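Fold and geometry: a report
Chain residues, written in single-letter form:
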Amino acid sequence: MGEEKPKFGGVWPTVKPFVNGGASGMLATCVIQPIDMIKVRIQLGQGSATEVTRNMLKNDGIGAFYKFSSSFEIEGLSAGLLRQATYTTARLGSFKILTNKAIEANDGKPLPLYQKALCGLTAGAIGASVGSPADLALIRMQADATLPAAQRRNYTNAFHALYRIVADEGVLSLWKGAGPTVVRAMALNMGMLASYDQSVEFCKDSLGFGETATVLGASTVSGFFAAACSLPFDYVKTQIQKMQPDAEGKYPYSGSLDCAMKTLKSGGPFKFYTGFPVYCVRIAPHVMMTWIFLNQIQKLEKSVGL
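Here is what the cut-offs are and how they apply
Residues numbered from 1 in each chain as written. Predicted model: local features only at pLDDT ≥ 70, side-chain atom pairs only at ≥ 80, totals over all residues. Heavy atoms only, no water. Helix = DSSP H or I, 4+ residues; strand = E, 2+ residues; numbered from the N terminus. Rg over C-alpha atoms; globule rule 2.2 N^0.38 Å. Buried < 20%, exposed > 50% of the residue type's maximum accessible area, 1.4 Å probe, protein only. Lys, Arg positive; Asp, Glu negative; His and termini not counted. Charge placed at Lys NZ, Arg CZ, Asp CG, Glu CD. Contact = heavy atoms within 4.5 Å. Core = buried A, V, L, I, M, F, W, Y, C linked by side-chain atoms within 4.5 Å. Salt bridge = Lys/Arg side-chain N within 4 Å of Asp/Glu carboxyl O. Patch = residues over 30% accessible without salt bridge, like charges linked within 9 Å, V, L, I, M, F, W, Y side chains within 5 Å. Areas by Shrake-Rupley, 256 points an atom, 1.4 Å probe, with all protein chains shown as cover. Expected span 1.5 Å × (residues − 1). Arc of directions from axis to C-beta. Polar contact = N/O pair within 3.5 Å; in protein donor to acceptor, adjacent residues only side chain to side chain. Axes fitted to C-alpha atoms, helices over the stretch in contact; angles between N-to-C directions. Left-handed = near helix turned anticlockwise from the far one by under 90°. Nonpolar A, V, L, I, M, F, W, Y, C, P; charged D, E, K, R; others polar. UniProt positions renumbered as here; feature names shortened; annotations may be inferred. Phe/Tyr/Trp six-rings, centres within 6.5 Å; stacked < 30°, edge-to-face > 60°.

**Details of the overall build of the protein chain**
Of the regular secondary structure elements, the protein chain holds nine helices and zero strands. By the compact-globule yardstick of 19 Å for 306 residues, the protein chain fits well, its C-alpha radius of gyration being 21 Å. Taken along the three principal axes of its C-alpha coordinates, the protein chain extends 75 × 45 × 40 Å. The 306 residues of the protein chain split such that 43% are buried. Between the centroid of the 30 positive side chains of the protein chain and the centroid of its 22 negative side chains there is a distance of 3 Å.

**Things to note about the side chain of Thr29**
With respect to the element layout, Thr29 can be found in helix α1 (residues 12-43). Excluding its chain neighbours within four sequence positions, the residues that come into contact with Thr29 are Leu77, Gly80, Leu81, Gln84 and His286.

**Observations concerning the nonpolar core**
Counting residues in hydrophobic clusters, the biggest one holds 28 residues, and the most contacted among them are Met192, Leu193 and Trp291. Of all the secondary-structure elements, those providing two or more residues to this core are α3 (77-105), α4 (113-144), α6 (178-206), α7 (211-242) and α9 (276-303). When near neighbours in sequence (up to four residues on either side) are disregarded, Met192 contacts Arg91, Leu92, Ser222, Ala226, Val287 and Trp291. One finds Ala79, Ala134, Leu136 and Met141 within the second-largest nonpolar core, a separate group that totals 13 residues.

**Concerning the pattern of salt bridges**
Inspection of every chain in the model, using the stated rule, returns eight salt bridges. Here Asp258 makes a salt bridge to Lys262, at a shortest N to O gap of 3.3 Å. Here Asp258 pairs with Lys262, and both are found in helix α8 (residues 256-267), just four residues apart, close to one helical turn. Lys262 sits in the partly exposed class, given a relative accessible area of 40%.

**Observations regarding a nonpolar patch on the surface**
A contiguous nonpolar patch, built from Val11, Val15 and Val19 and spanning about 240 Å² of accessible area, is present on the exposed surface. Tracing the sequence through the fold places Val15 in helix α1.

**As for helix α5 (residues 158-169)**
Look at α5: 16 Å from first C-alpha to last across 12 residues, which is about the 16 Å you get at 1.5 Å a residue. Buried within α5 are the following residues: Ala158, Ala161, Leu162 and Ile165. Along α5, the residues classed as buried sweep out an arc of 100 degrees about the axis, all on the same side. Among the exposed residues of α5, those oriented more than 90 degrees off its buried face are Phe159, Tyr163, Ala167 and Asp168. By the N-cap criterion, in which a side-chain oxygen at the helix start approaches the backbone nitrogen of a residue two or three places on, α5 is capped by Asn157, the distance to Phe159 being 3.1 Å. One or two steps after α5, the chain reaches Gly170, where phi turns positive at roughly 100 degrees.

**Some remarks on the packing of α7 against α8**
Running from N to C, α7 and α8 point in directions that differ by 115 degrees, and their axes come no closer than 9 Å. Two packed elements cross with a definite hand, and for α7 against α8 that hand is right-handed. Touching Tyr235, Val236, Gln239 and Ile240 of α7 are Ser256, Cys259, Ala260 and Thr263, all from α8. Grouping the amino acids of the contact of α7 with α8 by side-chain chemistry returns five nonpolar, three polar and no charged.

**Quick word on the UniProt feature "repeat: Solcar" (unreviewed entry) in the protein chain**
Taking the numbering used here, the UniProt-annotated feature "repeat: Solcar" (unreviewed entry) corresponds to residues 12-101, 111-202 and 210-300. Regarding residues 210-300, the helix share stands at 76% and the strand share at 0%, and the terminal C-alpha atoms are separated by 18 Å.

**Re the packing of aromatic side chains**
The tally for this structure, following the rule as stated, stands at five aromatic pairs. On the basis of an interplanar angle of 90 degrees and a centroid distance of 6.3 Å, the ring pair of Phe224 and Phe276 is categorised as edge-to-face. Of the two residues, Phe224 is situated in helix α7 and Phe276 in helix α9; the sequence distance between them amounts to 52 residues. For Phe276, a relative accessible area of 21% corresponds to the partly exposed category. On the basis of an interplanar angle of 85 degrees and a centroid distance of 6.0 Å, the ring pair of Tyr235 and Phe272 is categorised as edge-to-face. Of this pair, Tyr235 sits in helix α7 while Phe272 sits in the loop between α8 and α9; the two residues are 37 residues apart in sequence, bridging distant segments of the chain. In this structure an aromatic cluster arises from ring pairing among Phe224, Phe225, Tyr273 and Phe276.

As structure tokens, then:
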């Protein structure tokens with residue numbers, strides 16, 4: 001008898017990293033969504049985290065953490081899921097392919113940290129280019145909740161936001177702020193992806209951790225470095241995407257560099273790290289959950305022969 005052929009061939013080995021990456025990112029978003037819900041309501045002045053949580057549970061039960069407002073989707077869950085389906089699918093999938101190619105070129109030896117960082121930078125740029133429209137929709141939908149009623153765009157969901165942006169501002173407006181978005185994603189993914197791979201090797205080879213401890217430890221390190229590397233760029237990106245013209249039609253910043261220079265001049269370098277603890281609490285759990293879900297998806301696939 002001939003050798004047993006693998007159950008799945010063709011394009012599956014190529015698309016598998018992309019499918020796994022998108023699925024893990026979307027699952028992580030669903031888990032982290034309640035944190036975003038609470039964060040937005042705190043920003044709206046509805047009380048502390050404890051008060052907001054208690055009131056949401058009391059008034060609407062556990063479903064309140066995924067409930068949309070009647071006029072617009074304050075927390076932007078659909079935009080968040082769309083962003084993961086595009087951005088995370090592209091970045092994690094491309095990172096896996098890039099590192100596999102680099103390992104082949106390195107004769108199967110583990111990659112040095114700088115090569116992992118370069119792969120992370122490239123994967124971040126690819127992911128951000130693909131996911132920038134969804135990211136813009138997410139930022140705008142969340143920003144609507146903090147605007148006066150007369151200035152709200154009142155998007156009902158992510159696809160409505162994308163349609164309105166194209167109709168009102170043109171197709172290229174979907175990539176408004178794409179420059180800082182790409183730079184921010186490159187920084188985040190350099191910190192997230194390179195540190196995770198490096199931490200996995202360290203936890204396994206140097207500390208002798210088991211699989212669970214390795215994933216938890218490496219994902220924690222990855223979450224911290226993702227936040228630390230990306231916050232300055234995230235600050236600039238958000239300022240660009242949220243800005244609106246004044247009465248004369250003039251925007252406060254001409255571009256990301258102008259925003260960065262004005263911020264540096266007015267507040268110094270630490271201005272870019274405003275709200276780092278809150279940002280870290282938002283970014284790190286999502287990064288951790290993404291890695292944990294990805295690990296579980298890979299184990300499931302292995303158990304069924306995918």
